[in-house]
Amino acid sequence: MQRLPRLAPSQAGVPVLPACLALIRRDLLASLRQRQDLFNPLLFFLMVVSLFPLGVSPERSFLQEAGGGILWVAALLATLLSLDHLFRHDFEEGVLEQMLLQPQPLYLLVLAKVFAHWLVTGLPLLLMAPLLGLMLQLDGNSIGVLCLTLLVGTPVLSFVGAIGAALTLGLRSAGILLSLLIIPLYIPVLIFGTGAVMAARDGMPVTPHLALLGAMLVLALTCAPFATAAALRISVSNG
Amino acid sequence: MWQWFHKLGSPKWFYGIAGRLMPWFLVSGLALMATGIVWGLGFAPADYLQGNSYRIIFIHVPTAFLAQAAYVMMAVAALVTLVWRMKLADVFVRAVAPVGAVITFLALFTGAVWGKPTWGTWWIWDARLTSMLILLFLYFGVIALGNAIADEKSSARAVAVLVLVGVVNIPIIKYSVEWWNTLHQPATLKLTEKPSMPPEMWVPLVLSILGLYLLFGWLACYRMKTEILFRERRSRWVQALVQSDV
């Protein structure tokens, strides 16, 4: 593997913000150099979505009815796939241990790392969604609402998923276990994400759904990094 | 008080006390459960709206209560594991998770049986049913993660983190019937209000709920004792115990 820029310098007293920015920059560079990690979830997203018109029905009415749900389920599964190597490379190379030893609070470092993960997986999914929405015959308004729900919802997926990724770190059958642990926690996001798209299609107000998604984002943002940090400590002390 | 708390940390002490408590749990649980069920199924008046089909309430409501309560108890134990590193708390989580999964399944199953005559369908994607299904998945996740990590200490703490994360689902279940307008009827019993049912209906219900909780206590003690024996199998007191049995 190519050399990566160093993690934040480890002397005590480095301000928190530069440390977090360095971590984000490092993770983005790492994924730009490992292009596969970047494109695989997107390809997966595209393929899962294309299964539905082929497998269920290419009828316009069905696609309009189910399009929001299909896109959301596919985005959820793509995120799930990408989670496995959120901490794995770092864990195997010992970078994670260095991260735990940093003077900066682990909470903020986890926050930075998950944010970088979202930039690399969630954001591309969000950008690709309108195109797939058109392919699924969604109307303009629905596509707009869909993008809005993905904008608020995919960070929640990243944050909640990070807990599972940290818990299953270093286990042999981590991938399938990760899905088992995390899918139940994803269900509420899915319900309100698709609920908003449905409401938009039926001409109903979408703000209640979006408000609940926003509440989930705030909850995930404030609580999930704590759980992730605790889980990382457990996994590293185990390995 | 603190001495008692410290004693709880000793598996040997708990093994003894659980053995002495279990017969009480079993006898009182069976007695209450039997009274509640026989009274409820045989003698309570029929419902003016649902006729006799409502009688499954005497099985459905206790299981639904316990399914959530068991998870909350596990969450408390998980917190104890993380904060005080108490071994017994983890033993409790491990022992109770499969029981909780079975009880949740029973609640879903009896609910389906009740749904058929009243709603005309076995299953519907209603908010409370879906959130109970998530609860079942959460129990499965806890069991799976516990089995996946070999090291006892880190497995205990990892499971504890997972249990605590999953606890967000409990208020969702609780308020699902109030937040969403769905088929499921609102809570049958509330601590703060007078029941809307006549006493001939709610007294047997309360009896069977209490009975099921006591039986759960018996089962939890039984499974915890087994788990303790397994974990302490190399310790002297367990070996002495096993040899004195033979």
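Residues numbered from 1 in each chain as written. Chains lettered and ligands numbered in written order. Predicted model: local features only at pLDDT ≥ 70, side-chain atom pairs only at ≥ 80, totals over all residues. Heavy atoms only, no water.

Trainee: Is there a simple way to explain the packing of aromatic side chains in this structure?
Mentor: Aromatic ring pairs are reported here in terms of the distance separating the ring centres and the angle at which the planes meet. Residues and elements named next belong to chain B. Scanning all chains against the criterion turns up eight aromatic pairs over all chains. Each ring, one from tyrosine 54 and one from phenylalanine 58, has its centre 6.0 Å from the other, and the planes form 65 degrees; the classification is edge-to-face. You'll find tyrosine 54 and phenylalanine 58 in the same group, each marked buried. Taking NZ or CZ as reference, arginine 233 lies 4.2 Å from the ring centre of phenylalanine 230, over its face. (Phe/Tyr/Trp six-rings, centres within 6.5 Å; stacked < 30°, edge-to-face > 60°. Buried < 20%, exposed > 50% of the residue type's maximum accessible area, 1.4 Å probe, protein only. Lys NZ or Arg CZ within 6 Å of the ring centre and 35° of its normal.)

Trainee: Before we go on, may I ask you to explain the pattern of salt bridges in this structure?
Mentor: A side chain of one charge can pair with a side chain of the opposite charge if their charged atoms are brought near each other. Applying the stated criterion across every chain, the model contains twelve salt bridges over all chains. Residues arginine 26 of chain A and aspartate 27 of chain A are paired through a salt bridge, measuring 2.9 Å at the closest nitrogen-oxygen approach. Neither arginine 26 of chain A nor aspartate 27 of chain A differs from the other in exposure class; each is buried. Of the charged contacts, one joins arginine 94 of chain B and aspartate 90 of chain B as a salt bridge, the two residues approaching to 3.6 Å between their closest N and O atoms. Separated by four residues within a single helix, arginine 94 of chain B and aspartate 90 of chain B lie in helix α4 (residues 87–119), roughly one turn from each other. Assigned by exposure class, arginine 94 of chain B and aspartate 90 of chain B land together as buried. (Salt bridge = Lys/Arg side-chain N within 4 Å of Asp/Glu carboxyl O. Helix = DSSP H or I, 4+ residues; strand = E, 2+ residues; numbered from the N terminus.)

Trainee: How should I be thinking about the nonpolar core in this particular structure?
Mentor: Residues Phe45 and Phe87 of chain A together with Met74, Leu145 and Val163 of chain B are the most contacted members of the largest nonpolar core, which totals 137 residues. With 15 residues, helix α7 (residues 140–167) of chain A is the largest single contributor of residues to this core. When near neighbours in sequence (up to four residues on either side) are disregarded, valine 163 of chain B contacts Tyr71, Met74, Ala75, Ala78, Val93 and Val142 of chain B. Ile57, Phe58, Trp114 and Met197 of chain B belong to the second-largest nonpolar core, a separate cluster that totals eleven residues. (Core = buried A, V, L, I, M, F, W, Y, C linked by side-chain atoms within 4.5 Å. Contact = heavy atoms within 4.5 Å.)

Trainee: How should I be thinking about unusual backbone geometry in this particular structure?
Mentor: Peptide bonds are mostly trans, and most non-glycine residues show a negative phi. Here the phi dihedral of glutamine 137 of chain A falls at roughly 65 degrees; this positive angle occurs in a residue that is not glycine. For glutamine 137 of chain A, a relative accessible area of 27% corresponds to the partly exposed category. Positive phi values are uncommon outside glycine, yet arginine 85 of chain B reaches one of about 55 degrees. In this structure, arginine 85 of chain B sits in the loop between α3 (57–84) and α4. By relative accessible area, which is 55% here, arginine 85 of chain B ends up exposed.

Trainee: When you look at the interface of chain B and chain A in this model, what are you seeing that I'm missing?
Mentor: It is common to report an interface's size as the accessible area lost on association of the parts. Listed as interface residues are 19 residues of chain B and, on the opposing side, 18 residues of chain A. When the buried area of chain B at its contact with chain A is split by residue, Ile134, Val161 and Val165 of chain B rank highest and sum to 25% of it. On inspection of chain B and its partner chain A, the count reaches zero salt bridges. The tally of links from chain B across to chain A stands at zero residue pairs in polar contact (both at pLDDT 80 or more). Sorting the residues of the side of chain B that touches chain A by element identifies α5 (127–148) and α6 (152–166) of chain B as the ones contributing at least two each. (Buried area = accessible area lost by both parts, 1.4 Å probe. Polar contact = N/O pair within 3.5 Å; in protein donor to acceptor, adjacent residues only side chain to side chain.)

Trainee: It is not clear to me how the packing of helix α3 (residues 60–83) of chain A against helix α6 (residues 106–135) of chain A should be interpreted in this structure. Could you clarify?
Mentor: Two measures define how a pair of helices packs: the angle their axes make with one another and the distance between the axes. Residues and elements named next belong to chain A. Direction vectors running N to C along α3 and α6 enclose 155 degrees, while the axes themselves pass 11 Å from each other. Taken together, the axis directions place α3 and α6 in an arrangement best described as roughly antiparallel. Here the hand of the crossing between α3 and α6 comes out right-handed. Facing α3, whose interface residues are Leu71, Ala75, Ala78, Thr79, Ser82 and Leu83, α6 presents His117, Thr121, Leu125, Ala129, Leu132 and Gly133. (Axes fitted to C-alpha atoms, helices over the stretch in contact; angles between N-to-C directions. Parallel < 35°, antiparallel > 145°, perpendicular 65-115°, else oblique. Left-handed = near helix turned anticlockwise from the far one by under 90°.)

Trainee: How should I be thinking about α4 of chain B in this particular structure?
Mentor: Residue and element names in this part refer to chain B. End to end, α4 covers 46 Å across 33 residues, agreeing with the expected 48 Å (1.5 Å per residue, within 8%). The sharpest bend along α4 comes to roughly 30 degrees, located at valine 96, with the proline proline 98 sitting one to four residues further on. Note on α4: the residue one or two positions beyond its end, glycine 120, has a positive phi of about 80 degrees. (Expected span 1.5 Å × (residues − 1). Bend = angle between axes of the 7 residues up to and from the residue.)

Trainee: Just checking my understanding: could you explain a nonpolar patch on the surface for this structure?
Mentor: Residue and element names in this part refer to chain A. A grouping of Phe39, Leu43, Leu46, Met47, Leu131 and Met135 is seen on the molecular surface, where their side chains present a nonpolar patch of about 590 Å² in accessible area. At the level of secondary structure, the elements contributing two or more residues to the nonpolar patch comprise α2 (35–55) and α6. Element by element, the count of residues in the nonpolar patch is highest for α2, at four residues. Mapped onto the elements of the fold, leucine 131 is located in helix α6. (Patch = residues over 30% accessible without salt bridge, like charges linked within 9 Å, V, L, I, M, F, W, Y side chains within 5 Å. Areas by Shrake-Rupley, 256 points an atom, 1.4 Å probe, with all protein chains shown as cover.)

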